[in-house]
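Here is how the chains run, residue by residue.
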Amino acid sequence: MLALTFVLMFLLLLMGFPMVVPLIIGALAILVVSFPEVGANQLIQQMVGGVRPSVLVAVPMFILAADIMTKGHTANRLLDLVHAFVGHRRGGLPITTAVSCTLFGAVSGSTQATVVAIGSALRPKMLKAGYKDSFTMALLVNSSDVALLIPPSIAAIIYGVAANVSVGEMFIAGIGPGLLIMVMFSVYSWWISKRLNIPLGERVGWADRLRAIRGAILPMGFPVVVLGGIYSGLFSPTEAAAMSVFYALIIEMLVFRSVKFSDLPGIALSTGLITAVVFILVGAGQAFSWVISLAQIPTEILGPLIDHVAANPTHLLILIAVSYFVACMFVDPIVAIFVLTPIFIPAINASGVDPILVGTLVVLQSAIGSATPPFGYDIFTAMAVFRRPYMEIVRGTPPFIVMLLVVTVLLIMFPQIALFLRDLAFR
Amino acid sequence: MSESQGGPFRSPVMRAVRGLDRGIGWLEDAVLIAAILFMAGLNVVNVLGNNLKDWGVPFVNGLSWSVEINQALLVIITFVGVAKGARHGRNIRMSAIYDQLEGKWRKGLNIVITTGSAVVMFYLAYYAFLYEMQIRSIGQSTPSLGIPLWILYIAVPLGLFLTGVQYSLTTLRNLTEKEVYRSFAEREVYEEADLAAVEGRKLTEGGEPGASGQKEDRR
């Protein structure tokens, strides 16, 4: 019965139904068969309850801040700053791409905003310099995925809600792996540039560098507000999100004057729509995860393994990594998080593994799965943004996926990559 | 967001439906804009108030009722927004296989998807209505402001119902016209520039960098 439900859900998913439909049908099927006495209005109650946690306010607020900044000039200013310092070095342009994506991820938390903002500015330059388009696009897509790890991260907020762990700790724990990925991508870019023998760019003079620093100093205040605020305990993640909206409004409207008052309704509408299409999955995901917990499916699936993983936490981490990676190749990370997390929670609790480490691993797998063929959604984002065929975008991705998997292995072997900063801030 | 319109409606019934649909669309937009801006204002004032108070500034305070209003706004944004998502064909889905199809296969699958989604949404709307009746009969209200919950949560059955209506209208439009529509008012667009050139119309797909892939953009 259970297998049949999952097959049905998968089928509806592949057919292209909005993802909320398979989740609801799956939940209903289990409910009707196992608990005919429970009414479907309980599902509605769970859906409403799923989108109500106060910490979720951080999601629309960070999206709003990102939308304001995407409308303004923040991305270009960050990019100019990085380019002024590394543009003339070996691999300068792709390294600028990797670092700028990480920085913009730190101010916006949105993969797609990052692909659009950085990609449209840097891709033409990289092509002109002689880099292959497949490498360029794969670099952009994968670097933008680092935005999932670098706080503010929407995936981290959602995992925090689904697994009931601290979002602030999730944020801080994402920094280490995010920076590690940025460094690996930079080294790979350097090697590609050397192999292709790309001519070095011109060195930027100190006068221009100072100008770039001056231009970027206000946008660089975002990570300070968000991370500094959370790290110091001054702000909760929700408060940090509200402050980032406030900060974005002040710098884009009052200082740079790149966003007008009349732009605000349009920006708010876009934020509302993006929030809703994500949150309806959060609601449906919550309903689904409530039903499978009610039916004790997690114990049914993982029950025999619990004793084993309690003795071998590493095996559990590997199992978690593989499950989320595969799931995110097919569905949105939010769906994967809500379907899989309740299944693993009993095992995680029994094993004594740090739940924040698990969360960071899950967010990392979401990032990798999202860029992995056949169905990783970031590939489709790139198709839409760059207007290139599927195969051309996919061709450059394998080296990046390998690097990201290496980071996964490193994270499992050395949890301190994620937990060091967290322990420093919260313990 | 502007719409990439299909051809004009010939039947007066369809024209009336479109008029009504536009009115509802306008209302959805107004609710979403107001909810997001209100949420932003509320939380900015609240965080500034809380921190200024902590720093000893007199007569300033956070808003104790912000939590319950935030929760209500989250519910309203979600359920009104999902209807708008359906209106623009933006609800998140995995369209890799769908995108490979052409002609009548694509249209057929589209009709299956929108019909099935409409059924699920109407079903949910019905149970949301029962849920609404339930909280109304219990008389639940928000803790600080005492606003009856059922008033705030009207968005739940209403939003789900309107989503069902959107999917039904999409089915209707796909059944009655030759082209494939991703929603009632918006036709699927492959190569925006080519189509625009062929039809001599202006590009109207507001702000979206490329509409060639139908994979819904997100976040």
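These figures come from a predicted structure and were not determined experimentally.

Analysis parameters
- Residues numbered from 1 in each chain as written.
- Chains lettered and ligands numbered in written order.
- Predicted model: local features only at pLDDT ≥ 70, side-chain atom pairs only at ≥ 80, totals over all residues.
- Heavy atoms only, no water.
- Helix = DSSP H or I, 4+ residues; strand = E, 2+ residues; numbered from the N terminus.
- Rg over C-alpha atoms; globule rule 2.2 N^0.38 Å.
- Contact = heavy atoms within 4.5 Å.
- Areas by Shrake-Rupley, 256 points an atom, 1.4 Å probe, with all protein chains shown as cover.
- Axes fitted to C-alpha atoms, helices over the stretch in contact; angles between N-to-C directions.
- Parallel < 35°, antiparallel > 145°, perpendicular 65-115°, else oblique.
- Nonpolar A, V, L, I, M, F, W, Y, C, P; charged D, E, K, R; others polar.
- Buried area = accessible area lost by both parts, 1.4 Å probe.
- Salt bridge = Lys/Arg side-chain N within 4 Å of Asp/Glu carboxyl O.
- Polar contact = N/O pair within 3.5 Å; in protein donor to acceptor, adjacent residues only side chain to side chain.
- Buried < 20%, exposed > 50% of the residue type's maximum accessible area, 1.4 Å probe, protein only.
- Phe/Tyr/Trp six-rings, centres within 6.5 Å; stacked < 30°, edge-to-face > 60°.
- Lys NZ or Arg CZ within 6 Å of the ring centre and 35° of its normal.
- Core = buried A, V, L, I, M, F, W, Y, C linked by side-chain atoms within 4.5 Å.
- pLDDT = per-residue confidence, 0-100.

Caption draft 1: Inspection of the overall build of chain A at higher detail. A tally of helices and strands in chain A yields 22 helices and zero strands. Against the 2.2 N^0.38 benchmark of 22 Å for 427 residues, chain A shows a C-alpha radius of gyration of 22 Å, consistent with a compact globule. Dimensions of chain A along its principal axes, counting C-alpha atoms only, are 75 × 50 × 45 Å. Nonlocal contacts in chain A, meaning residues at least 24 apart in sequence, comprise 80% of its contacts between residues at least 6 apart. Accessible surface computed for chain A: about 14900 Å², of which carbon and sulfur atoms make up 67%.

Caption draft 2: The arrangement of the packing of helix 13 (residues 237–255) of chain A against helix 1 (residues 12–54) of chain B in detail. The geometry of helix 13 of chain A relative to helix 1 of chain B is characterised by a closest axis approach of 9 Å and an angle of 110° between their N-to-C directions. Between helix 13 of chain A and helix 1 of chain B, the interaxial angle falls into the category roughly perpendicular. Contacts between helix 13 of chain A and helix 1 of chain B involve A:Glu239, A:Ala242, A:Met243, A:Val245 and A:Phe246 on the former and, on the latter, B:Ala40, B:Asn43, B:Val44, B:Val47, B:Leu48 and B:Asn50.

Caption draft 3: Up close: the packing of helix 2 (residues 66–87) of chain B against helix 6 (residues 155–176) of chain B. Residues and elements named next belong to chain B. The contact between helix 2 and helix 6 brings their axes to 8 Å, and the two run at 5°. Looking at the two axes, helix 2 sits roughly parallel to helix 6. Contacts between helix 2 and helix 6 involve Val-75, Ile-76, Phe-79, Val-80, Val-82, Ala-83, Ala-86 and Arg-87 from the first element and Ala-155, Val-156, Gly-159, Leu-160, Leu-162, Thr-163, Gln-166 and Tyr-167 from the second. For the contact of helix 2 with helix 6, the per-class residue count stands at 12 nonpolar, three polar and one charged.

Caption draft 4: Fine view of the interface of chain B and chain A. The partner chain A presents 64 residues to the 61 residues of chain B that form the contact. With both sides pooled, the region where chain B packs onto chain A buries about 6000 Å², and carbon together with sulfur makes up 75% of that total. Counting across the chain B and chain A interface gives zero salt bridges. Counting the contacts that link chain B with chain A gives four residue pairs in polar contact (both at pLDDT 80 or more).

Caption draft 5: The arrangement of unusual backbone geometry in detail. Residue and element names in this part refer to chain A. In this structure, the amide linkage connecting Pro-151 to the following residue, Pro-152, adopts the cis form with an omega of 0°. When you line up the elements, Pro-152 lands in the loop between helix 8 (133–145) and helix 9 (154–163). Of note, the phi angle at Gln-296 is positive, near 55°, even though the residue is not glycine. Summarising the element assignment, Gln-296 is placed in the loop between helix 14 (264–294) and helix 15 (297–311). A relative accessible area of 54% places Gln-296 in the exposed class.

Caption draft 6: Local environment of the packing of aromatic side chains. All names here are of chain A. All told, the structure shown has 14 aromatic pairs over all chains when counted by the stated rule. Every member of this aromatic cluster is reached through a ring pair, and the members are Tyr-131, Phe-135, Phe-185, Tyr-188, Trp-191 and Phe-400. Over the aromatic face of Phe-256 sits the side chain of Arg-77, whose NZ or CZ is 3.6 Å from the ring centroid. The ring of Trp-206 has Arg-209 sitting right over it, with the charged end atom 4.8 Å from the ring centre.

Caption draft 7: Local environment of the environment of A:Tyr231. All names here are of chain A. Along the polypeptide, Tyr-231 turns up in helix 12 (residues 221–231). Judged by relative accessible area, Tyr-231 falls into the partly exposed class, the value being 32%. Remark: the alpha-carbon pair of Tyr-231 and Leu-424, spanning 193 residues in sequence, is separated by 9.2 Å. Excluding its chain neighbours within four sequence positions, the residues that come into contact with Tyr-231 are Ile-172, Leu-421, Leu-424 and Ala-425.

Caption draft 8: Main features of the nonpolar core. The biggest cluster of nonpolar side chains holds 216 residues, and the ones touching the most others in it are A:Ile44 and A:Tyr159. With 18 residues, the single largest contributor to this core is helix 14 of chain A. Not counting residues within four places of it along the chain, the set of residues in contact with A:Ile44 comprises B:Leu124, B:Tyr127, B:Ala128, B:Tyr131, B:Val156 and B:Leu160.

Caption draft 9: Examining the confidence of the model for chain B more closely. Residues and elements named next belong to chain B. Across chain B, pLDDT averages 81, with 82% of residues at or above 70. Every residue in residues 191–219 is under pLDDT 50, and counting partners more than four places away or in other chains gives 73 contacts. Across the interface, the model reports ipTM at 0.86; the global pTM reads 0.86.

Caption draft 10: Just the environment of A:Thr97, in detail. All names here are of chain A. Within the fold, Thr-97 resides in helix 6 (residues 92–108). C-alpha separation for the pair Thr-97 and Ile-217, spaced 120 residues apart in sequence, amounts to 19 Å. Aside from chain neighbours lying at most four places away, what touches Thr-97 is Ile-118, Leu-122, Met-126, Leu-139 and Leu-140.

Caption draft 11: Just the side chain of B:Thr171, in detail. Position of B:Thr171 among the secondary structure elements: in helix 6. At 2.9 Å, the side chain of B:Thr171 and the side chain of B:Thr114 are in polar contact.

Caption draft 12: Fine view of the environment of B:Leu109. Of note, B:Leu109 is situated in helix 4 (residues 103–138). We classify B:Leu109 as buried; its relative accessible area is 14%. For the pair formed by B:Leu109 and B:Tyr98, sequence separation is 11 residues and the distance between their alpha carbons is 7.5 Å. In this structure, B:Leu109 is in contact with A:Met15, B:Tyr98 and B:Leu101, ignoring residues within four places of it in sequence.

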